[in-house]
Each structure stands twice: as structure tokens, then as C-alpha cells.
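Report on the structure
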Amino acid sequence: MNNKPVIKRVIQRCGCDAILPFALVYVLYIILHGHLSPGGGFQGGVLMAGVVILLYLGHGFEATVDALSYHTLHKSEGAASIVYVALALMGVAAGAQFCQNVLYTHGAVGELYSSGTIFWMNLAVGVKVITGIGSISLLMISLLAGRDIDTTD
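None of these values were measured; they are calculated from a predicted model. (Residues numbered from 1 in each chain as written. Predicted model: local features only at pLDDT ≥ 70, side-chain atom pairs only at ≥ 80, totals over all residues. Heavy atoms only, no water.)

Re the overall build of the chain
Broken down by element type, the chain carries five helices and zero strands. Going residue by residue from the N terminus, the α and β elements of the chain occur as α-α-α-α-α. Within the chain, the fraction of its 153 residues that count as buried is 33%. Summarising the internal contacts of the chain: among those between residues at least 6 apart in sequence, 65% fall at separations of at least 24. (Helix = DSSP H or I, 4+ residues; strand = E, 2+ residues; numbered from the N terminus. Buried < 20%, exposed > 50% of the residue type's maximum accessible area, 1.4 Å probe, protein only. Contact = heavy atoms within 4.5 Å.)

Quick look at unusual backbone geometry
The residue C99 is not glycine, and still its phi comes out positive at about 70 degrees. Take C99: it is sitting in the loop between α4 (70–93) and α5 (117–145). Residue classification places C99 among the partly exposed residues on the basis of a relative accessible area of 30%.

Brief notes about a nonpolar patch on the surface
Taken together, the side chains of V85, L89, V92 and F98 define a hydrophobic patch exposed on the protein surface, amounting to about 340 Å² of accessible area. Along the chain, the position of L89 falls in helix α4. (Patch = residues over 30% accessible without salt bridge, like charges linked within 9 Å, V, L, I, M, F, W, Y side chains within 5 Å. Areas by Shrake-Rupley, 256 points an atom, 1.4 Å probe, with all protein chains shown as cover. Salt bridge = Lys/Arg side-chain N within 4 Å of Asp/Glu carboxyl O.)

Some points on the side chain of T64
The topology assignment puts T64 in helix α3 (residues 48–67). Contacts of T64, omitting those with residues within four sequence positions, involve V52, L55, Y56 and L138.

Considerations on the environment of Y56
Turning to its location among the elements, Y56 is positioned in helix α3. Given the relative accessible area of 19%, Y56 is considered buried. Between the C-alpha atoms of Y56 and I141, which are 85 residues apart in sequence, the distance is 7.8 Å. Ignoring sequence-local partners within four residues, the contact set of Y56 consists of F61, T64, I141, L144 and A145.

Focus: the packing of α4 against α5
Running from N to C, α4 and α5 cross one another at 155 degrees; their axes reach a closest spacing of 8 Å. Here α4 lies roughly antiparallel to α5, going by the angle between them. Relative to α5, the crossing made by α4 is left-handed. In the contact of α4 with α5, the residues fall into 15 nonpolar, seven polar and two charged. (Axes fitted to C-alpha atoms, helices over the stretch in contact; angles between N-to-C directions. Parallel < 35°, antiparallel > 145°, perpendicular 65-115°, else oblique. Left-handed = near helix turned anticlockwise from the far one by under 90°. Nonpolar A, V, L, I, M, F, W, Y, C, P; charged D, E, K, R; others polar.)

The quantities given are spatial measurements derived from coordinates; they are silent on function.
Take a look at the structure:
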């Protein structure tokens, strides 16, 4: 009996499990520090595709679909869009322009929260891209696995 495929799966799962927490922390770091350094919501959100692929490679299709619900991701993407537009309308409500930073007087330069509404808008973009890329990645993985995901509400 050949045990090599079983050993390969165990090593692959352990390797993915070892990298996965670091990948998630890196995604959050890029999103949270986007207003202080290169990167931001979009770049951090796109890195989420790597997290979904790691989860799929380490645990398979069923575990990935169970861990990342397509419906939850899809609904969260819409909620993040609404939050972004609400933050952008804060400028209009304050008598300024759409997407204008109106909370810039809070926080010290160089600190995590130092840019007013830019920080919150960057976070909303990050959540929107994470959920969008996550749901698209789930659909691509389902095609790769030859299985269907229920996309109806």
C-alpha cells in the first residue's frame, strides 16, 4: 500500500495552516495602514484571494465553502458599499464636497487613526474588496472542483 498521497496531503495541510494566520494578519495590516504607507483597502482586499486559495489547498472544497459562506460574503459586500457611500456623503452633509475628509482634525500625524474619514473609507473599501474577491474566488474554486455553489438567495 502506498502512503505517499496521504503524507503529501498532511504536509500540504500543515504548511497551509502555518501560513494562513500570517497571511490574514498581513491582509489586515495592509488595509489598516493604507493611509500611512503604500497599499490600502484595494491591495489588502486582493491579497484575500491568496487566503482563499490557501484554505482550499489545505482543506479542500467543502471546508472552504463552509468557512467562507458565499451568501454572507455577497451581503457583506453590499453593506460595505453602503458604508462607503455614507462616509462619502459626510462631506456633503458638512457643507463640503463628496468624499471630502471632514474629520481630519482628530488624531496625531503618523498614528493609526490620524486621517479622519480617509481611514474609515479605506477600511470600507478593504471590506468591500475582501468580500468581493472572496466570493469570486469561491466561484472559481467551485468551477475547478466541478461542484456548484448555491448562489440564489
